[in-house]
Amino acid sequence: MSNVKRVIRQAVLPADGERIMAVFAAAKGIMRASGNMCQWSDDYPSLDAVSSDIGRGGAYVLEDEGLIVGYFAFLPSPEPTYAKIYGGKWLDYAEPYHVVHRIASMPDSHGIFESIMNYCFTRSRNIRIDTHRDNHIMQHVVLKHGFVYCGIIYLANGDERLAYQCVLSNYHPNTQRLLE
């Protein structure tokens, strides 16, 4: 990524729709190749999910040299499925948080999660994220980037997800980095 100019911007439909769906399809391929056979089955995520994210002001694409290579939703709390957590607890219950959902990227794009987190932590110091038990890639990157495993949450359809949170204590909102 060192020579690539990466831009994060809000997603726009219908203009970005076809490329976002290609990113989702590629992400599903990455999941299946790594043994995650159940997450994002059937037609999920769909353009309806992207449209909902747009309606909440939280749909973003990542572009490398003008080509969309990633997608994520960055949404303000509350997240209804995070109201109850099992087998643990959130790190912080008092401060408002943001949630990152639907992270997807093309297989040949690197540093996507780091780019997303750099962007998100310039806007919030308290972020929650969840992932499927079989998504070992996501579990690895969330822990690598300072998230702490907090317990299990259940989606509206009853599916289990592993839940993580990162609360930055040495955070300055006008920079893209932690204060040392």
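Residues numbered from 1 in each chain as written. Predicted model: local features only at pLDDT ≥ 70, side-chain atom pairs only at ≥ 80, totals over all residues. Heavy atoms only, no water.

Observations regarding the pattern of salt bridges
Taken as a whole, this structure holds six salt bridges when the rule is applied. A salt bridge links Asp 64 to Arg 6, with the shortest nitrogen-to-oxygen separation between them at 2.7 Å. Of the two residues, Asp 64 is situated in strand S2 (residues 59-64) and Arg 6 in strand S1 (residues 6-10); the sequence distance between them amounts to 58 residues. Since its relative accessible area comes to 13%, Asp 64 is described here as buried. A salt bridge links Glu 160 to Arg 133; its shortest N-O distance comes to 2.8 Å. With Glu 160 in strand S7 (residues 160-167) and Arg 133 in the loop between strand S5 (126-131) and helix H4 (136-144), the pair connects residues that are 27 residues apart, well separated along the chain. Classification of Glu 160 as partly exposed rests on a relative accessible area of 25%. (Salt bridge = Lys/Arg side-chain N within 4 Å of Asp/Glu carboxyl O. Helix = DSSP H or I, 4+ residues; strand = E, 2+ residues; numbered from the N terminus. Buried < 20%, exposed > 50% of the residue type's maximum accessible area, 1.4 Å probe, protein only.)

Thoughts on unusual backbone geometry
Keep in mind that most residues, glycine aside, have a negative phi and that most peptide bonds are trans. Looking along the chain, the bond that leaves Tyr 44 and enters Pro 45 is cis, with omega of -10°. Within the element layout of this structure, Pro 45 appears in the loop between helix H1 (17-33) and helix H2 (47-55). Backbone torsion omega between Ser 77 and Pro 78 reads 5°, so that peptide bond is classified as cis. Mapped onto the secondary structure, Pro 78 falls in the loop between strand S3 (67-76) and strand S4 (98-105). Phi angles above zero are rare outside glycine, and Trp 40 is one such case at about 55°. Of note, the phi angle at Glu 65 is positive, near 50°, even though the residue is not glycine.

Some details on the packing of aromatic side chains
Summed over the entire model, instances satisfying the criterion amount to 12 aromatic pairs. Taken together, a centroid distance of 6.4 Å and an interplanar angle of 75° make the contact between Trp 40 and Tyr 44 edge-to-face. By relative accessible area, Tyr 44 is classed as partly exposed at 35%. The interplanar angle of 15° and the centroid separation of 5.2 Å between the aromatic rings of Tyr 60 and Phe 72 together place this pair among those described as stacked. Placement of Tyr 60 in strand S2 and of Phe 72 in strand S3 is noted, with a sequence separation of 12 residues between them. Here the two residues Tyr 60 and Phe 72 agree in accessibility, since each one is buried. Among the aromatic side chains, those forming a connected cluster through ring pairs are Phe 24, Trp 40, Tyr 44 and Tyr 71. (Phe/Tyr/Trp six-rings, centres within 6.5 Å; stacked < 30°, edge-to-face > 60°.)

Structural notes on the confidence of the model for the protein
Per-chain confidence: the protein averages 91 in pLDDT, with 92% of residues scoring 70 or above. Residue range residues 171-180 is modelled with pLDDT below 50. Its contacts to residues more than four positions away, or to other chains, number 14 contacts. (pLDDT = per-residue confidence, 0-100. Contact = heavy atoms within 4.5 Å.)

Notes on the environment of Tyr 93
Among the structural elements, Tyr 93 can be located in the loop between S3 and S4. Given the relative accessible area of 55%, Tyr 93 is considered exposed. With 10 residues separating them along the chain, Tyr 93 and Ala 83 place their C-alpha atoms 10.0 Å apart. Reaching out from Tyr 93, the side chain makes a polar contact with the backbone nitrogen of Trp 90 at a distance of 3.2 Å. (Polar contact = N/O pair within 3.5 Å; in protein donor to acceptor, adjacent residues only side chain to side chain.)

Here we look at the sheet that holds S2
A sheet is described by the order of its strands in space; here seven strands give the open sequence S1-S2-S3-S4-S5-S7-S6, paired in mixed fashion. At either end of the open sheet lies a strand with only one pairing partner, and these are S1 and strand S6 (148-154). With strand direction ignored, the average angle separating the axes of adjacent strands in the sheet is 30°. Across six bridges, S2 lies against S3 in antiparallel orientation. By the bridge assignment, Asp 64 is partnered in S3 with Leu 67. (Pairing = 2+ DSSP bridges. Axes fitted to C-alpha atoms, helices over the stretch in contact; angles between N-to-C directions.)

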